[in-house]
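Residue-level structure breakdown
Single-letter residue listing:
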Amino acid sequence: MEKPLSKNEFLKAAKPDLSGSIRETLANDTLDRFSGDDEQFIKFHGIYQQDDRDKRKVGKEYSVMVRTRQTGGIVPAAQYLVYDELSGRFANGTLRITSRQTFQFHGVLQKGIGSLIKSINEALSTTLATCGDVNRNVTAPSAPAVNAITQSIEDDAFAVTTVLLPRTTAYHSIWVDGVQLDLGLGEIVAKAKSDQANPYMPPPADADESGAPVDPLYGKTYLPRKFKVGFAIPPNNDTDIFTNDMGFVAVVEAGKLIGYNLLVGGGLGTSHGNKLTYPRLADVVGFITREQIAAVSIAVVSIHRDWGDRTDRKHARIKYVLQEKGLEWFRSELAQRLGAPLPAAKPFLFKGQGDPFGWHRETDTTSYLGLFIETGRVKDAEGYRLKTALREIAKKFGPTFRLTASQNLVLSGIQNGHKDEIEKLLKSHGCENVFSPGLVRSRGMACPALPTCGLALAESERVFPQFLASIEAAQAAAGIGGEELVVRMTGCPNGCARPYSAEIGIIGKAPGKYNVLLGGNREGTRLARNWHESVPFDEIPAKLGVLFKRYASERTPQQAFGDWADRTADLWSAPTV
Ligand code: SRM
Ligand code: SF4
């Protein structure tokens, strides 16, 4: 018997413009939340309904999280200033840099959503399709474009963004045309807008026989599940390219970008105890020229649209199509859609990951500065006024903000004469840690988890700094203090901070209990495996400390911890529970 379609498939088919009853809810002042089906529709508009999980014992306090779209993590200074203002006015006062180079606003109340989203659009970004069964933010290396090659990659990332934007009319009619800009935001938004066009405006939809708009790629039911695209330039795998549904790895020959190696089928989300779900690294499919990038993107997404599992949302990503039908099947399906097979991929090698911390030359007169942002959270706290410092820098020096895929920040286009002043400004606001985080913190990532994430089984962002301090102490006790180590933590197995591709992955199983994964590598080309399950949080540093001591005495020269763990057979022979 055929399995029935999942509920979301019926919802999408019934309202293909994705409007749901969002308008009606917004018009009703007595409502503090979106109900039922609308929770699914608002995701396509970049909105997640949440409640403060710290307050659940008293009662549910609803708010939403809103996610922006920033191709390659690029945020002009004037746009950043709008976000800074919006986060104070409508959200919880913080801005969260995500692991896919976007910003998230948390704690937005129902009455503020309209003004927030309208202002984001006026400031030349969007929240359209940053969630939902569509293509999400397109990631790309966060160092600024310093030559024709990197500029072309940036252009291609925007081209892919545009061809994969859904063409729903509801988003703009609800959030842009349907909202009056909040008084007092006009001037700051006008600066961000100047007279430029919004690069995230989707092309108009086609019309069906009745004249109703129809999306030429996504049709009426969109994709079976989310879809993620990234770009990388070897040898740095800073966008963790193998974890994307579709990846483009730049191929440079004789100083020219000649095209990309196409990767398909990565994805990390799993569910505890559900064997149908697993993390997977993408396969290398073949080589494409720059001219093919739009056609190939559409063809790959259409394969997900047509072959992804629409009966089980836990098993609906394109990675399962690749795994179950095989790479050769995929290549031939793609060839049919493109009219010809792709030539073989060109050789490539990743040698590491990581953001460009500190000062770097950009042009003869300008530099860029990589800053460590602890857990990606831009905030003001006692003795640490990062948000104020970044606001001052944006106002005074106007750099481009570039969000990294490890939740850090690069400021580019800084006049060389302003370098000292910028450093002083950050230090005078208590932000010394942005310059010298060390090789564990700078490589670490944690997802938001509690109190905002409705799916969290355990803490993550809130305990991560303290956790890394104990890992650093355990390293020091083993005589390997200060050495590079990629540690990533999440509050559940969905994998939002990509723990499955870290040297050490810590994954929430239940309150205070975590699965500990080992054996991923620094290049992001190997998955970590479950080492021990349900380990009490406080016991993890000591357990790892024992391994650090063995690693220090057993490793071969230059061998990274993840490589040592992967190849040390007796770590894997004992039962993991
Ligand atoms: Fe994620 C769901 C946060 C990157 C896999 N993710 C969520 C939600 C929206 C929870 C929800 O559905 O109610 C989280 C909101 C928490 C909050 O309070 O903010 C959330 N995901 C994040 C962010 C903010 C984590 C971060 O620390 O930065 C990242 C936002 C990225 C962005 O800007 O678009 C984020 N999520 C990822 C990644 C990493 C990546 O894409 O590079 C993954 C693993 C890769 C992948 O997609 O397989 C990821 N998130 C998931 C999943 C599992 C999907 C699956 O295939 O099983 C979920 C759950 C779902 O979709 O049902 C999820
Ligand atoms: Fe929430 Fe889980 Fe993602 Fe963390 S990994 S943000 S707990 S969905």
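Whatever comes next refers back to the structure up there.
Bear in mind that the values here come from a model prediction, so they are computed numbers and not experimental data.

Conventions and cut-offs
Residues numbered from 1 in each chain as written. Chains lettered and ligands numbered in written order. Predicted model: local features only at pLDDT ≥ 70, side-chain atom pairs only at ≥ 80, totals over all residues. Heavy atoms only, no water. Helix = DSSP H or I, 4+ residues; strand = E, 2+ residues; numbered from the N terminus. Rg over C-alpha atoms; globule rule 2.2 N^0.38 Å. Buried < 20%, exposed > 50% of the residue type's maximum accessible area, 1.4 Å probe, protein only. Contact = heavy atoms within 4.5 Å. Polar contact = N/O pair within 3.5 Å; in protein donor to acceptor, adjacent residues only side chain to side chain. Near = heavy atom within 4 Å. Pairing = 2+ DSSP bridges. Axes fitted to C-alpha atoms, helices over the stretch in contact; angles between N-to-C directions. Salt bridge = Lys/Arg side-chain N within 4 Å of Asp/Glu carboxyl O.

Considering the overall build of the protein chain
When you go through the protein chain residue by residue, the secondary structure sums to 17 helices and 23 strands. Taking 2.2 N^0.38 as the reference for a compact globule, 577 residues should give roughly 25 Å; the C-alpha atoms of the protein chain span a radius of gyration of 23 Å, in line with that estimate. The principal-axis extents of the C-alpha atoms in the protein chain amount to approximately 70 × 60 × 60 Å. Looking at the 577 residues of the protein chain, the share that counts as buried comes to 56%.

Details of the environment of S367
You can see S367 is positioned in strand β13 (residues 366–371). According to the relative accessible area criterion, S367 is buried, its value standing at 4%. Placed 210 residues apart in sequence, S367 and A157 show a C-alpha to C-alpha distance of 23 Å. Setting aside residues up to four positions removed in sequence, S367 forms contacts with W359, H360, E362, L411, S412, G413, I414, N416 and K419. Within the local environment of S367, its side chain forms a polar contact with the side chain of N416, the two groups lying 2.5 Å apart.

Here's the deal with the site of ligand 1
Of all residues adjacent to ligand 1, which total 29 residues, the nearest are T98, L268, T452, C496 and R498. Q50 is positioned such that a nitrogen or oxygen atom in its side chain is 2.9 Å from an oxygen atom of ligand 1. In the model, an oxygen atom of ligand 1 is placed 3.4 Å from a nitrogen or oxygen of the A446 main chain. Put simply, the parts of the chain that give the shell around ligand 1 at least two residues each are β1 (47–51), β2 (62–67) and β5 (103–108).

Topic: the sheet that holds strand β11 (residues 283–289)
Sheet strands line up and pair through hydrogen bonds in the backbone, either parallel or antiparallel. What the four strands build is an open sheet, ordered β8-β9-β10-β11; its pairing is mixed. The sheet is open, and its two borders are formed by β8 (229–232) and β11, each paired with just one other strand. Adjacent strand axes in the sheet meet at a mean angle of 25° when their direction is disregarded. For β8 and strand β9 (residues 246–253), the ladder comprises four bridges, and the chain directions are parallel. Bridging across to β9, F231 finds its partner in F248. Strand contacts of helix α11 (residues 327–338): β10 (256–264) and β11, with the helix running at about 25° to β11, the strand carrying the most contacts.

A few points about the pattern of salt bridges
Using the criterion set out here, one finds 41 salt bridges in the structure. The closest approach of N and O atoms between D54 and R462, which form a salt bridge, is 2.7 Å. Here D54, found in the loop between β1 and β2, pairs with R462, found in the loop between β19 (445–446) and α15 (464–477); they are 408 residues apart in sequence, far enough to count as distant. A salt bridge links R522 to E484, with the nearest nitrogen and oxygen atoms 3.7 Å apart. Remark: E484 occurs in the loop between α15 and β20 (487–490) and R522 occurs in the loop between β22 (513–518) and β23 (529–536); sequence separation between them is 38 residues. Relative accessible area serves as the criterion here: at 18%, R522 is assigned to the buried category. Connected via shared salt-bridge partners are E9, K12, D133, R310 and R313.

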